[in-house]
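Results of the structural survey
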Amino acid sequence: VLGALSEALFTYNPDLVWDFDLTGHVRRVNGRVTAMLGYAPDEVVGWHVRQIVLPDDLPAAEQSFATAAGGQAATCTCRMRHRDGRVVAVRASVI
């Protein structure tokens with residue numbers, strides 16, 4: 001039951017939800033990525049966080065990943081590039 005609930009929370013969450021591996025590559029992302037960034041979920045699978053977050057914001061994003069990998073939740077505000085070229089500011093919880 002917990003697996004089905006977790007999957008439903010991922011899939012139907014109104015927020016953008018990313019699932020990265022420990023090397024920073026996207027394993028999956030929910031459908032909200034299309035509305036927020038203009039990409040279909042399967043397009044970004046395999047991308048590295050460096051392909052998603054703007055270079056100036058990478059240090060904060062990488063620090064949040066490191067904190068989460070150490071077992072503590074973190075919050076990060078970063079900018080991402082939309083498919084059409086505009087910049088989108090995102091506040092992320094990293095767990």
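Here the structure is shown first, and the text comes after it.
Read on for an overview of the structure.

Thresholds applied
Residues numbered from 1 in each chain as written. Predicted model: local features only at pLDDT ≥ 70, side-chain atom pairs only at ≥ 80, totals over all residues. Heavy atoms only, no water. Helix = DSSP H or I, 4+ residues; strand = E, 2+ residues; numbered from the N terminus. Expected span 1.5 Å × (residues − 1). Buried < 20%, exposed > 50% of the residue type's maximum accessible area, 1.4 Å probe, protein only. Arc of directions from axis to C-beta. Contact = heavy atoms within 4.5 Å. Pairing = 2+ DSSP bridges. Core = buried A, V, L, I, M, F, W, Y, C linked by side-chain atoms within 4.5 Å. Salt bridge = Lys/Arg side-chain N within 4 Å of Asp/Glu carboxyl O.

1. Side note on helix 4 (residues 58-69)
The terminal C-alpha atoms of helix 4 lie 16 Å apart, and with twelve residues this matches the ideal 16 Å at 1.5 Å per residue to within 8%. Turning to helix 4, its buried residues number three or more, namely L58, A61, S64 and A68. Seen end-on, helix 4 carries its buried residues on one side only, within an arc spanning 130°. Opposite the buried face of helix 4, by more than 90 degrees, sit the exposed residues P59 and Q63. Packed against the buried residues of helix 4 are strand 3 (74-81) and strand 4 (87-94). Immediately beyond the C-terminal end of helix 4, within one or two residues, lies G71, with a positive phi of roughly 105°.

2. Regarding the pairing of strand 4
Bridging between strand 3 and strand 4 involves eight bridges; their strand directions are antiparallel. Paired with T77 across the bridge in strand 4 is R91. Adjacent in sequence and paired antiparallel, strand 3 and strand 4 are bridged by five residues, among which G85 carries a positive phi angle near 100°.

3. Description of the nonpolar core
The biggest cluster of nonpolar side chains holds 19 residues, and the ones touching the most others in it are W18, V26, V29, L37, V53 and M80. Only strand 1 (18-20), strand 2 (26-29), helix 2 (32-37), helix 4, strand 3 and strand 4 provide two or more residues apiece to this core. It is strand 3 that contributes the most residues to this core, three residues altogether. Setting aside chain neighbours within four positions, we find L37 in contact with L16, W18, M80, R81, H82, R83 and V88.

4. Details of the environment of A74
Position of A74 among the secondary structure elements: in strand 3. The class for A74 is buried, based on a relative accessible area of 12%. Linking A74 and A61, residues 13 residues apart in sequence, is a C-alpha distance of 9.6 Å. Aside from chain neighbours lying at most four places away, what touches A74 is S64, T67, A92, S93 and V94.

5. Things to note about the pattern of salt bridges
Here the idea is simple: oppositely charged side chains can pair when their charged atoms come close. Counted according to the given criterion, the structure contains seven salt bridges. The residue E43 makes a salt bridge to R83 at a minimum N-O spacing of 2.6 Å. Taken together, the positions of E43 in helix 3 (residues 41-44) and R83 in the loop between strand 3 and strand 4 put the pair 40 residues apart, joining distant regions of the chain. Note on E43: relative accessible area 32%, which makes it partly exposed. When its relative accessible area of 45% is taken as the criterion, R83 is described as partly exposed. A salt bridge links E62 to R50, with the nearest nitrogen and oxygen atoms 3.8 Å apart. One end of the pair, E62, is in helix 4; the other, R50, is in the loop between helix 3 and helix 4, and twelve residues separate them in sequence.

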